[in-house]
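# Observations on chain architecture
What follows is the residue order along each chain.
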Amino acid sequence: MRRASTITIMVAALILVPVFFAGANDCEPNDTLATAVLLSPFPCLKVAGELPVGDTDYFRVEPVTAGLIWISTITDGDTVISLHGADGAVIESDDDDGESLGSLIAGAELDAAGTYYVRVYEYGFNNEISYDLYVTFFPWPAMVEEKIGPNETYGQAQEIGLNRWVSGTFTTATDADWYKFTATFPGDLLVFQLDDDPGRTGTGHFDSVLELYGQDGVTLLADSDHEGTGPDEPEDLIYENTTVGRRFLCARSDTGASSFAAGPYYLAAARAEEHVCPTATPTPSPLPLTPTPTPYVIPTASPVPTAPLPPSPSPTQIPYRVIILETGFKPPILRVDPGRAVAWWNEGTGIHTTTANLGSWDSGPMLPKDRYIVDFTGFTEQLYNYRCVISGLTGKIIYGPATPPPPPTAPPAATPTIAPTAPPASTPASPWVFDYDGDGDSDIAIFRGSSGLWAVRGVTRTYFGTSSDTILPGDYNGDGSADIAVFRDSSGLWAVRGLTRAYFGSSGDEPLPGDYDGDGNWDIAVFRESSGLWAVRSLTRIYFGSSGDEPVPGFYSGEAGAGVAIFRPSSGLWVVRSLTRIYFGSSTDTLVPGDYDGDGSWEAAVFRPSSGLWAVRGTTRAYFGTGTDRPIPLVNEAGGGDEIAIFRESSGLWAIQGVTRAYFGASGDLPATR
C-alpha cells in the first residue's frame, strides 16, 4: 500500500515490460546508505538486481534541480521500496501498488537539488528474489501542458515527443486525451506513467487507462489498466519498440459517472536506458567496450577500417551471411560447413566490428555498408565466440558438418543427400524452429486427429498417425526442415515419416525429442517422471528431477546441444542441469521457454492463463491471449528470436504479437509447432 507524506505520487501497473531479472548487473555491494550505487544520467534508468535472503539494496540519485521522481519494481517475488532524504529519513514507501507484488512510488516531488536514496528489499526477508528497478526523474521545466482544444481522437492528437511530462485534466467520466510522438529506434524501451492524484488528496477521483497504438492510430500495441491497492489507480506502461514510426498514446478515464470527479493528472513519457553497474576497475571509456589489449580509437572524420578487408574467399559456394545491426548479429548463432566462408555485412547506422574472442579474425572498424569475409577453410575448433568491440554485441559460429550421418535406425535411403552447392538454409536462430520448408521461419501447421491430417500452411498436406498418437515434429535428419513424426504411447513406437520407425520408451513416459548432442539431428528421448530418468536413445541415461517435476529441455546455455532441465510447480523452481537454478512462475502457469531476445540462449518463460500474461525472465512481460488460447512461441524471421504467439482453437486464429494474424485450422485441431 502507499504511505505518503507531502510528496506527489505517480507510478502504475506495468503491462508490457521488458525485464531482465539478471544477477549479472546486480550492483553489489550496496546494502547500506554508505555503499548506495549512484544512478545517472536521467531522465529514465533501468537496473537489474537480485536479493538473497535478508538482503537490502540501496541506490543514490542526485538531481541538480527540483522536480518529480518515479520509482517502480518488477519482480518475481514481493518487493518493498522506499524513498529517503539525504539524512536517511523516509519520504515515502510502498509495498504492493505495483503489478502483482511489485512496488510503485510515482511522481514524488523533490523540492530541491541534492542527494536522495532508494531502498529495495524483499517483504519479510524470507526469500531470494530478482527484480528490475525503474527510476525516472523530470525537472519541472520539462512539462508540456495539455493543449487547449479537442484531443479526443488520434486525428486530434497533441505532439509531445519523448523525455517530457504532460500536465492534463480529465473533465468527464469517459474523457480521452490523445498524444503522439515518433519512435526513432528499434529496441528502445519506452516508459509511460500516469499519476491520477498529483495533489495527493488520497480520495482517488477517477480510474485511468493508458493505451499505446501503432502509426495507424488503430492497432493496439500495449495497454495498462492497473488497479492499485490504495484509493488512487495510477498507470505504468512500458513497451519495447520494434519499428521506426509514429506512435499514439491515449490516456483516458474509465470511471462510473456516479464516482467520477474531474481532476488533473501527470503523464510522463520517457526513453529508458540500461544502467550498467560499475566493476572493481571501471573503464573510463563511455562506450560499452569489451576490454582488449589494444582498444580501438574511432576516428572523428572520414573513418576508414584500420586493416584492409581480406579478398573474397576462393570457395565456389556463396558465403553464409551475417547482418550487423544495432540490435545484434542476425543470426546470432550460425552453423558453418567445412570449407565455407562467412560474410558480415554492416547494415546498421554506426561503426561495428566482428572480432573473434580468441583472435581467429578481426575486421577492425566497419563503416555502414562495409563487408568483411572470413574463409573457414582449415579452421579446427568447433565453436567460435565473437563480438563487436564497439557495441558489445556477441555471436557464435558453430563449425562442422551441417548434415551428419543419419541415425543408425534410419534406412539408408531415407536420408536425403544435400548437394554441395546448396545455400545455408539450415541455420535457424533456434534449433527448435518447426520450419517445414527450410526457410528459417516457423510455419503455421495443424494436426487433425480425427483423420490423421497434417496441414502446413502454404507448404503441404499429408496423412500420418492417429488421434491417440502424440505429435512430435522436428528435424530428425539434420537437413534444416521439420519432419512429421508421432509417438504411440501404447507401444513405445516412434514413427518419423519417410525416415525411420523405432521402439523406445513405454506407456507413461513423456516423449522429449531434441538435439541433445548438438550434431544437428534430433534425438529420440523420453522422461520417466516416476524415477526422474532421462533416456536419450543411443546417447545417454541420467537421473534428474523427481515425481511431480515437469521436464523443460532447451538451449539455455547458448551451446549447440539441448540441456536437461526441470520445473518444480510446487515452488516455481527451474533447474538446468550443470548450469543454473532460479525461481520463476507458479504451479498454474504454462511453461513457454525460448529464445525471446534472439541472443541464441533460451530464457525461462511462463504464460499465465488467468490473465494472459507472458513473463520472460530477463527479457519482457506482456499481456497477449486468453485463458483458452494455446501459447506457441514462433520464429517469425530467419535468424531472429522467438515471438510471443497464440493459437485459438475455437476459431483457428494464429496471432503473433505485433506481427500478424491468420486463420488456419478448426476447432479440435492441434498446432503442430513447439
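In the block above lies the structure referred to throughout.
The following refers to the structure shown. Since the model is a prediction, treat every value here as computed from it, not as a measurement. (Residues numbered from 1 in each chain as written. Predicted model: local features only at pLDDT ≥ 70, side-chain atom pairs only at ≥ 80, totals over all residues. Heavy atoms only, no water.)

It is worth spelling out the sheet that holds strand β53 (residues 653–656) at this point. In spatial order, the strands read β49-β52-β53-β54; together these four strands make up an open sheet with antiparallel pairing. Where the open sheet ends on each side, the last strands, each with one partner, are β49 (630–631) and β54 (660–663). Pairing geometry for β49 and strand β52 (residues 645–648), over two bridges, is antiparallel. Note that in β52 the partner of R630 across the bridge is F647. (Pairing = 2+ DSSP bridges. Helix = DSSP H or I, 4+ residues; strand = E, 2+ residues; numbered from the N terminus.)

Attention now goes to the pairing of strand β47 (residues 613–616). Going residue by residue along β47, you find L613 and A615 tucked away on one face and W614 and V616 tucked away on the opposite face as well. Taken together, the four bridges between strand β46 (residues 605–608) and β47 define a ladder with antiparallel strand orientation. Paired with R608 across the two strands is L613, which belongs to β47. A loop of four residues connects β46 with β47, the two strands running antiparallel in sequence, and G612 in this loop sits at a positive phi of about 80°. (Buried < 20%, exposed > 50% of the residue type's maximum accessible area, 1.4 Å probe, protein only.)

By the secondary structure assignment, S601 is in the loop between β45 (590–591) and β46. On the accessibility criterion, S601 (15% relative accessible area) is buried.

This part covers the nonpolar core. Judged by nonpolar contacts, the single largest core of 28 residues is most densely connected at Y516, W534, F544, V552, Y556, W574 and F584. Contributing elements (two or more residues each) for this core: β38 (525–528), β39 (533–536), β42 (565–568), β43 (573–576) and β47. If one sorts the elements of this core by residue count, β43 sits on top with four residues. (Core = buried A, V, L, I, M, F, W, Y, C linked by side-chain atoms within 4.5 Å.)

Any empty space left between atoms is shown by rolling a water-sized probe over those atoms. A volume near 930 Å³ is recorded for the second largest pocket. Elements with a minimum of two residues in the lining of the second largest pocket: β33 (470–471), β37 (510–511), β41 (550–551), β45, β49 and β55 (670–671). In terms of residue class, the lining of the second largest pocket is made up of 21 nonpolar, three polar and four charged. (1 Å grid on protein atoms, 1.4 Å probe; cavity = no way out; pocket = protein on both sides within 12 Å on 5 of 7 lines; lining within 4 Å. Points joined across faces, edges and corners; volume = space filled by probe spheres on them. Nonpolar A, V, L, I, M, F, W, Y, C, P; charged D, E, K, R; others polar.)

Looking at the secondary structure, you find R247 in strand β20 (residues 245–253). Distance in space between the C-alpha atoms of R247 and Y154 is 9.8 Å, their sequence separation being 93 residues. Apart from the residues lying within four places of it in its own chain, the contact partners of R247 are Y179, K180, F181, A183, L212, Y213, G214, Q215, L221 and N241. In this structure the side chain of R247 is engaged in a polar contact, spanning 3.0 Å, whose partner is the side chain of N241. Side-chain polar atoms of R247 contact the backbone oxygen of T243, separated by 2.7 Å. (Contact = heavy atoms within 4.5 Å. Polar contact = N/O pair within 3.5 Å; in protein donor to acceptor, adjacent residues only side chain to side chain.)

As a further point, take the sheet that holds β55. Hydrogen bonds between backbone atoms are what pair the strands of a sheet, whose relative direction is either parallel or antiparallel. Here we have four strands laid out as an open sheet, ordered β32-β31-β30-β55, and antiparallel in their pairing. Two strands bound the open sheet, and with one partner strand each, they are β32 (460–463) and β55. Examined bridge by bridge, strand β30 (residues 445–448) and strand β31 (residues 453–456) share four bridges and lie antiparallel to one another. What sits directly across from A445, in β31, is V456.

In this structure, P332 sits in the loop between β23 (328–330) and β24 (333–336). Separated by ten residues in sequence, P332 and V322 have C-alpha atoms that sit 8.1 Å apart.

Position of C27 relative to the elements: it lies in the loop between β2 (13–14) and β3 (37–38). For C27, a relative accessible area of 4% corresponds to the buried category. For the pair C27 and E50, spaced 23 residues apart in sequence, the C-alpha to C-alpha distance is 8.7 Å.

Counting across every chain of the model gives 13 salt bridges. For E274, the salt bridge identified is with K46, shortest N-O distance 3.1 Å. Of the two residues, E274 is situated in strand β21 (residues 263–274) and K46 in strand β4 (residues 44–51); the sequence distance between them amounts to 228 residues. You can call K46 buried: its relative accessible area is 1%. The salt bridge partner of E211 is R252, with a shortest N-O separation of 2.9 Å. A residue pair is termed long-range when its members are at least 10 positions apart, and E211 in strand β17 (residues 208–213) and R252 in strand β20 qualify at 41 residues. A residue is classified by how much of its surface remains accessible, and E211, at 9% relative accessible area, is buried. (Salt bridge = Lys/Arg side-chain N within 4 Å of Asp/Glu carboxyl O.)

Coordinates in, geometry out; function isn't part of it.
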